[in-house]
Amino acid sequence: MPDTPHAVTRLRTTRLARSTKPFLARGGPSGERCAGCRLLPSHCLCALRPLVPTHAGVCLLMADVEPLKPSNTGWLIADVVADTYAFGWARTEVDPALLALLADPQWQPYLVFPGEFVAPGRVVTAVLPTEALEAQATKRPLFVLLDATWPEARKMFRKSPYLDNFPVLSLQSEQLSRYRLRRSQRDEHFCTSEVAALCLALAGEPHAAQTLEAYLDVFTNHYLNAKNQRPIDPEDAAHQRLRSLRLP
């Protein structure tokens, strides 16, 4: 497990502390799990964690049980992007630390959500690349992701008035989701780490975007092999791609 717990790890610990009964994941591998990556110790991912320096940040607003799910991919974002923040979402209250983050003058928050559900005046489809932001000494992009099932995310969008004044970044991608752990009913619905990778690419951070994509593939590989009681092949295409993206 990494020496310093990241934001999702801390949120999970807080959420577990107020649980009245153990959380039982459905459909995944059973048995003791690594505290650092949520996988069986035999399929641990911790040694492969690829932290990448980024100018952009990510803010995860997580539905109640998301931090507890072993298949959650917001966790992977926090592994890769150092400036990742995670907050639990509730309809009746908002964490003061979240409001402080959104008001921090170093950040320009973008709420990431499909533009078809948003008033056209709020929708943007691009952000200034990192190089341009640094040259102009302007605010850093902070991508606010609603980490939840699609019905939950729509509810969160409607019932979070503190997000109403931020531009809504609508992603325009032709690729289909490759996420195989929790399949959406619509192929064009990306998992949370796929959304973050697309955002990083828009911000002019292709290495971080590609690393996050590769890390998702390796995580999926480890998760499904653990579920099906198969060993890991560290020389397969997914592992080789992730290694090739490591910084010297």
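Below: a short report on this structure. (Residues numbered from 1 in each chain as written. Predicted model: local features only at pLDDT ≥ 70, side-chain atom pairs only at ≥ 80, totals over all residues. Heavy atoms only, no water.)

Remarks on the overall build of the protein
Helices and strands together make up the secondary structure of the protein, namely eight helices and six strands. Along the protein, from the amino end to the carboxyl end, the secondary structure elements read α-β-α-β-α-β-β-α-β-α-β-α-α-α. Counting all 248 residues of the protein, 48% fall into the buried class. Across the protein, every contact between residues at least 6 apart in sequence was considered, and the portion connecting residues at least 24 apart equals 79%. On the protein, roughly 12,500 Å² of surface is accessible, and the fraction owed to carbon and sulfur atoms is 53%. (Helix = DSSP H or I, 4+ residues; strand = E, 2+ residues; numbered from the N terminus. Buried < 20%, exposed > 50% of the residue type's maximum accessible area, 1.4 Å probe, protein only. Contact = heavy atoms within 4.5 Å. Areas by Shrake-Rupley, 256 points an atom, 1.4 Å probe, with all protein chains shown as cover.)

With respect to the nonpolar core
Counting residues in hydrophobic clusters, the biggest one holds 48 residues, and the most contacted among them are Leu60, Ile77, Phe143, Leu145 and Leu212. For this core, the secondary-structure elements that each account for two or more residues are α1 (7-17), β1 (57-62), α2 (74-80), β3 (107-112), β5 (140-147), α6 (192-202), α7 (206-227) and α8 (237-244). Apart from residues no more than four positions distant in its own chain, Leu60 is found in contact with Val8, Gly74, Ile77, Thr84, Tyr85, Ala86, Phe87, Leu145 and Thr192. (Core = buried A, V, L, I, M, F, W, Y, C linked by side-chain atoms within 4.5 Å.)

Side note on the sheet that holds strand β6 (residues 168-169)
Spatial ordering of the open sheet is given by β2-β1-β5-β3-β6-β4, a layout of six strands whose pairing is parallel. This sheet does not close on itself; its edge strands, each paired only once, are β2 (84-88) and β4 (123-124). Bridging between β3 and β5 involves five bridges; their strand directions are parallel. Looking across to β5, one finds that Gln108 is bridged to Pro141. (Pairing = 2+ DSSP bridges.)

Describing the side chain of Thr84
By the secondary structure assignment, Thr84 is in strand β2. Given the relative accessible area of 7%, Thr84 is considered buried. Reaching out from Thr84, the side chain makes a polar contact with the backbone oxygen of Val81 at a distance of 2.7 Å. Sequence-distant contacts of Thr84, defined by excluding residues within four places in its chain, comprise Ala7, Val58, Leu60, Ile77 and Ala78. (Polar contact = N/O pair within 3.5 Å; in protein donor to acceptor, adjacent residues only side chain to side chain.)

Some points on the pattern of salt bridges
Here the structure, examined in full by the defined rule, presents seven salt bridges. A salt bridge links Arg15 to Asp64; its shortest N-O distance comes to 2.9 Å. Residue Arg15 is found in helix α1, and its partner Asp64 is found in the loop between β1 and α2; the two are separated by 49 residues along the sequence. Residue Asp64 is classed as partly exposed on the basis of its relative accessible area, which comes to 37%. Among the salt bridges present, the one from Asp83 reaches Arg140, with a minimum N-O distance of 2.7 Å. Placement of Asp83 in the loop between α2 and β2 and of Arg140 in strand β5 is noted, with a sequence separation of 57 residues between them. By relative accessible area, Arg140 is classed as buried at 16%. (Salt bridge = Lys/Arg side-chain N within 4 Å of Asp/Glu carboxyl O.)

Focus: a positive patch on the surface
Residues Arg91, Arg154, Lys155, Arg158 and Lys159 make up a contiguous surface patch of positive charge. Within the element layout of this structure, Arg154 appears in helix α5 (residues 150-158). Of the residues examined, Arg154 reaches a relative accessible area of 35% and is grouped as partly exposed. (Patch = residues over 30% accessible without salt bridge, like charges linked within 9 Å, V, L, I, M, F, W, Y side chains within 5 Å. Lys, Arg positive; Asp, Glu negative; His and termini not counted. Charge placed at Lys NZ, Arg CZ, Asp CG, Glu CD.)

Focus: α1
Buried within α1 are the following residues: Ala7, Val8, Thr9, Leu11 and Arg15. In this fold, the buried residues of α1 make contact with β1, α2 and β2.

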